[in-house]
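# Report on the structure
If you want the building blocks of each chain, they are given just below.
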Amino acid sequence: AKSGGRGAFRFFEPELDELMHARRNLERDMRDAIAGGEFELHYQPFVVATTGEIRGFESLLRWHHPKRGLVMPSEFIPLAEETGLIVPLGEWVLRTACAEAAKWPADLRIAINLSPAQFRSKELVAVVIGALAGSGVAPHRLELEVTETVIMHDSEAVFAALGQLRELGVRVALDDFGTGYSSLSFLQRFPFDKIKIDRSFVNELSSASEEAQHLARAVVRFAVSLGKTTTAEGVETKEQLDILREEGSVETQGYYFSRPMPASSVAKMLRRGARA
Ligand code: C2E
Ligand code: CA
Ligand code: CA
Ligand code: CA
């Protein structure tokens, strides 16, 4: 029916209502999920490109929702950030990942993603110290991954917290490098231990466009030239791996080597001696 502007507007209302209803449900479910043990960490190895040697694993959150099944981080992390639930959830991640890493050979690192809200909580440093002490994992085995978005929120406070953590011996990685607006100035302002090149560039290493390939290689070369550990994210093909090997000392992470997997599969992989 043609009922003009009001009618057209009303047409969208039920959808918006449904969306907000779904959001509220998700938020309520998420509160119960931490206590209910519905969250799980998967682990994805990062390996030396030239040798395949495993250097460590990145922990990635998974939510086993009783009705919706497996829910991926892109579906709940943004809401967890908005509602502040990422603070208790992030604390659970830190404690769980460190406890798991304590079972691995002591030369393997554990990488953990941090959200801006975790820095705003002011308790981050204490929470990290608690997770290390509780698990017995040495600080240098812990790598905290932050994106530019994390730093941009309140850069002075974030830099201060990261500085304190680095003094403890914890490593700090700049995640999704190349996707932000001010990557270069961030590199100057904070002594990151590792740079993780975003998979959008890694993808272009095998692009049909020569120009895209050149840019992607330049990004890799630039990161390597800074003398920090460089990890190429999202390596999916042998071709991409071969190109990275030419760039020398880089780590790779991606489906080509392994998908993220449950802790039990990591234990099996390590027992099989897939380390060298
Ligand atoms: P991220 O930190 O950039 O993590 C890498 C993402 O790429 C992961 O997605 C991983 O499964 C995926 N990936 C790895 N290798 C490949 C590949 O070869 N090809 C493709 N296409 N993808 C690959 P995932 O697990 O869905 O996580 C998405 C994002 O959610 C993460 O991006 C991170 O920003 C966030 N996240 C995950 N776990 C946590 C957490 O514990 N805390 C916080 N704050 N954020 C988390
Ligand atoms: Ca990450
Ligand atoms: Ca990343
Ligand atoms: Ca990302």
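Everything below is about the structure shown above.
The following refers to the structure shown. (Residues numbered from 1 in each chain as written. Chains lettered and ligands numbered in written order. Predicted model: local features only at pLDDT ≥ 70, side-chain atom pairs only at ≥ 80, totals over all residues. Heavy atoms only, no water.)

Quick look at the coordination of the calcium ion (ligand 3) now. Taken together, Asp175 (OD), Asp176 (OD), Glu233 (OE) and Glu233 (OE) make up the protein donors of the calcium ion (ligand 3), found 2.2 to 2.4 Å from the metal. Site description for the calcium ion (ligand 3): donor spacing in sequence, D-D-x56-E. A separation of 3.9 Å is found between the calcium ion (ligand 3) and the calcium ion (ligand 2), both of which receive a donor from aspartate 175. Placement of aspartate 175 in strand E6 (residues 171–177) and of glutamate 233 in strand E8 (residues 229–233) is noted, with a sequence separation of 58 residues between them. On the accessibility criterion, aspartate 175 (7% relative accessible area) is buried. (Donors = N, O, S within 2.8 Å, 3.2 Å for Na, K, Ca; no water. Helix = DSSP H or I, 4+ residues; strand = E, 2+ residues; numbered from the N terminus. Buried < 20%, exposed > 50% of the residue type's maximum accessible area, 1.4 Å probe, protein only.)

This part takes up unusual backbone geometry. Look at lysine 122: it is not a glycine, yet its phi comes out positive at around 70°. Along the chain, lysine 122 falls in the loop between helix H4 (116–120) and helix H5 (124–135). Here the phi dihedral of aspartate 176 falls at roughly 55°; this positive angle occurs in a residue that is not glycine. What makes aspartate 176 partly exposed here is its relative accessible area of 26%.

Taken as a whole, this structure holds 21 salt bridges when the rule is applied. Two residues, glutamate 143 and lysine 194, come together in a salt bridge whose shortest N-O distance is 2.9 Å. Pair noted here: glutamate 143 is in strand E5 (residues 142–146) and lysine 194 is in strand E7 (residues 194–197), with a separation of 51 residues, a long-range link. With a relative accessible area of 0%, glutamate 143 lands in the buried category. Overall, the relative accessible area of 0% leaves lysine 194 in the buried class. The shortest N-O distance in the salt bridge between lysine 194 and glutamate 251 comes to 2.9 Å. Residue lysine 194 is located in strand E7, and its partner glutamate 251 is located in strand E9 (residues 251–253); the two are separated by 57 residues in the primary sequence. By relative accessible area, glutamate 251 is classed as buried at 3%. Salt bridges sharing common partners tie together Arg109, Glu143, Arg171, Lys194 and Glu251. (Salt bridge = Lys/Arg side-chain N within 4 Å of Asp/Glu carboxyl O.)

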